[in-house]
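Okay, here's what each chain looks like letter by letter:
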Number of protein chains: 2
Amino acid sequence: MAIPRAAKTQRRTRIQEEKEEIILEAALDVFSVNGFRGTTIDQIAEVAGMSKPNLLYYFRTKEAMHRALIDRVLFTWLEPLRAFDANGNPESEIRSYIRRKLEMARDFPRESRLFANEMLQGAPHVEDELRGPLKALVDEKAEVIRAWATAGKITKCDPYHLIFSIWSTTQHYADFDVQVRAVLGQEHAGEGRFEDAARYLEKLFVDGLGIRRS
Amino acid sequence: MAIPRAAKTQRRTRIQEEKEEIILEAALDVFSVNGFRGTTIDQIAEVAGMSKPNLLYYFRTKEAMHRALIDRVLFTWLEPLRAFDANGNPESEIRSYIRRKLEMARDFPRESRLFANEMLQGAPHVEDELRGPLKALVDEKAEVIRAWATAGKITKCDPYHLIFSIWSTTQHYADFDVQVRAVLGQEHAGEGRFEDAARYLEKLFVDGLGIRRS
DNA sequence: TGTAATGTTTACCAATCGGTCAAATTATCT
DNA sequence: AGATAATTTGACCGATTGGTAAACATTACA
């Protein structure tokens, strides 16, 4: 009778899963470049290769698409930080954290830019998640770092700003990709730039934090 | 008779200077948050406290406003890098460069976000400036850094990625301000965070680059 | 195979978009 | 003060916006 909104159904159809995936993929393309306000449903529809009302059959509003994307990104985005192990030794933990974050910048630049766009706008949709789960996780890992410093494994430093500096340096290669390419020029802008960055950043942090090399 | 567009006049009126300043100030507010596509002329007009046609009397199009802003920001943004002195000693040059960039993140966050927005969108309006003047300036300073390494004043490292890492770590405090505040929480989010960041970053880079302290 | 639920599209809506126009107002200069 | 140039605004335009209604097409399942 009335239109049975996809969201209302109990079981998700095969078509629903496929189409929702296609839509979110297209939405990520557009949102990550133009931000929320700058994105139109028509743009997403065109990239997704379906009609606008069809998008709105799966996601009632533009907000709903954005929300679904943000939720997904927020979760996977913190994976590397969660993997940060208190029992590991500082050198390998820092090194692999940097490497993992750089890999994400290389392999998921759109997700990084979506997040960056949200931050630039003042996090209107995710401020609660920042103050809650994110802060809690960072607090926990900051304590690990502080313990390392107390144990003399690394030099004393502000663990929060340490985490910020790893975030910013790695995400830079996704968010400011155009600038990085332009400055490096044709000759050094090949995909090798991520390995160069990894080599440079690992050394910067290992030496900068006074980590005894093993 | 016909409307004498402000742009056509030879001498700039006092009113012209004042109003153009007010408009650009308002435009910076809105563009820096919502990006180019996400910004409407009506929004700018409301912030500026004048009617939309009045804005368009001073700037013919939305692009013109954005262009004027970007040009202004691009110039002042590179000031700290230009001040980077080949004859200075590495420690003081690096330290003051970091400090200057952090001061800009603190005092001109909107300008930083405007630039970040432009980068996220793939620099559609400024790609030429990146490949031209910016690359030239970075190339020049990279040579300075390489010379320092050759002279044994700092450890060998990729000068381009070094510059990227200073850019990213400092601008982070402007572009990701919400996140920084949220993670630091009420207690540490006061204005002291910039001094904490300066202390941490200066140490990170001085030690990380193997600079002999004087 | 038939039919009910699910999926898709064309046509459309009111609101907002960037921008124009002409009339009205204000500042400037003699 | 009066004339002229500069400034400001309300009314408006066609295009685009987010979203809806309803008819049509397809799928899943008895």
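Thresholds applied
- Residues numbered from 1 in each chain as written.
- Chains lettered and ligands numbered in written order.
- Predicted model: local features only at pLDDT ≥ 70, side-chain atom pairs only at ≥ 80, totals over all residues.
- Heavy atoms only, no water.
- UniProt positions renumbered as here; feature names shortened; annotations may be inferred.
- Helix = DSSP H or I, 4+ residues; strand = E, 2+ residues; numbered from the N terminus.
- Least-squares fit on C-alpha atoms with pLDDT ≥ 70 in both.
- Contact = heavy atoms within 4.5 Å.
- Expected span 1.5 Å × (residues − 1).
- Buried < 20%, exposed > 50% of the residue type's maximum accessible area, 1.4 Å probe, protein only.
- Near = heavy atom within 4 Å.
- Polar contact = N/O pair within 3.5 Å; in protein donor to acceptor, adjacent residues only side chain to side chain.
- Nonpolar A, V, L, I, M, F, W, Y, C, P; charged D, E, K, R; others polar.
- Salt bridge = Lys/Arg side-chain N within 4 Å of Asp/Glu carboxyl O.
- Domains from an automatic or database assignment.
- Buried area = accessible area lost by both parts, 1.4 Å probe.

- If you check an unreviewed UniProt entry, chain A appears there as HTH-type transcriptional regulator rutR from Rhizobium freirei PRF 81.

1. So, the UniProt feature "domain: HTH tetR-type" (unreviewed entry) in chain A
Link 1 in the chain: The UniProt entry lists residues 17-77 of chain A under the feature "domain: HTH tetR-type" (unreviewed entry), expressed in the numbering used here.
Link 2 in the chain: When the span residues 17-77 of chain A is considered, its composition is 87% helix and 0% strand, and the gap between its end C-alpha atoms is 22 Å.

2. Points about the relation of the copies chain B and chain A
Link 1 in the chain: Mapping chain B onto chain A is achieved by rotating through 180° and translating by 0.0 Å along the same axis, at an RMSD of 0.1 Å. Those values place the two copies in the arrangement expected of a two-fold rotation axis.
Link 2 in the chain: An overlap of 100% is found between the interface residues of chain B and their copies at the interface of chain A, pointing to a shared contact surface.

3. Overview of helix H9 (residues 159-175) of chain B
Link 1 in the chain: Its 17 residues give H9(B) an end-to-end C-alpha distance of 24 Å, which sits within 8% of 24 Å, the value for a rise of 1.5 Å per residue.
Link 2 in the chain: The buried fraction of H9(B) is high, at 17 of 17 residues.

4. Looking at the UniProt feature "DNA-binding region" (unreviewed entry) in chain A
Link 1 in the chain: Listed under "DNA-binding region" (unreviewed entry) in the UniProt record, and renumbered for this structure, are residues 40-59 of chain A.
Link 2 in the chain: For residues 40-59 of chain A, the helix share is 75%, the strand share is 0%, and the end-to-end C-alpha distance is 14 Å.

5. Here we look at the protein's contact with DNA strand D
Link 1 in the chain: Among the 23 residues in the neighbourhood of DNA strand D, the closest are listed as Lys19(B), Pro53(B), Asn54(B), Tyr57(B) and Tyr58(B).
Link 2 in the chain: Near the protein, meaning within 4 Å, the atoms of DNA strand D are sugar or phosphate in a fraction of 61%, with bases accounting for the rest.
Link 3 in the chain: Between a phosphate oxygen of DNA strand D and a main-chain N or O atom of Thr39(A), the distance comes to 3.0 Å.
Link 4 in the chain: Separating a phosphate oxygen of DNA strand D from a side-chain N or O atom of Ser51(B) is a distance of 3.1 Å.
Link 5 in the chain: Where the surface near DNA strand D is concerned, the elements lending two or more residues are helix H2 (41-48) and helix H3 (52-58) of chain A together with helix H1 (14-38) and helix H3 (52-58) of chain B.
Link 6 in the chain: Residue composition of the surface near DNA strand D, by class: nine nonpolar, eight polar and six charged.

6. Regarding the pattern of salt bridges
Link 1 in the chain: Summed over the entire model, instances satisfying the criterion amount to 40 salt bridges over all chains.
Link 2 in the chain: Here Glu129(B) ties to Arg67(B) by a salt bridge, and the two come within 2.9 Å at their closest N and O atoms. With a gap of 62 residues between them, Glu129(B) in helix H8 (residues 127-150) and Arg67(B) in helix H4 (residues 62-77) connect regions that are remote in the sequence.
Link 3 in the chain: By relative accessible area, which is 26% here, Glu129(B) ends up partly exposed.
Link 4 in the chain: A single salt-bridge network, built from bridges that share partners, covers Glu91(A), Arg95(A), Arg99(A) and Glu202(A).

7. Some remarks on the protein's contact with DNA strand C
Link 1 in the chain: By nearness alone, 23 residues border DNA strand C, and Lys19(A), Tyr57(A), Tyr58(A), Ile41(B) and Lys62(B) come closest of all.
Link 2 in the chain: In DNA strand C, the atoms that sit within 4 Å of the protein are 63% sugar and phosphate, with bases accounting for the remainder.
Link 3 in the chain: The contact in question runs from a phosphate oxygen of DNA strand C to an N or O atom on the side chain of Tyr58(A), over 2.6 Å.
Link 4 in the chain: Contacts to DNA strand C include Thr39(B), whose backbone N or O atom sits 3.1 Å from a phosphate oxygen.

8. Overview of the domain arrangement of chain A
All names here are of chain A.
Link 1 in the chain: For chain A, the assigned domains are domain 1 (10-72) and domain 2 (78-208).
Link 2 in the chain: Taken together, the contacts link 13 residues of domain 1 with ten residues of domain 2.
Link 3 in the chain: Between domain 1 and domain 2, the buried area comes to about 1,000 Å², and carbon and sulfur atoms account for 57% of it.
Link 4 in the chain: Inspection of the region where domain 1 meets domain 2 yields three salt bridges.

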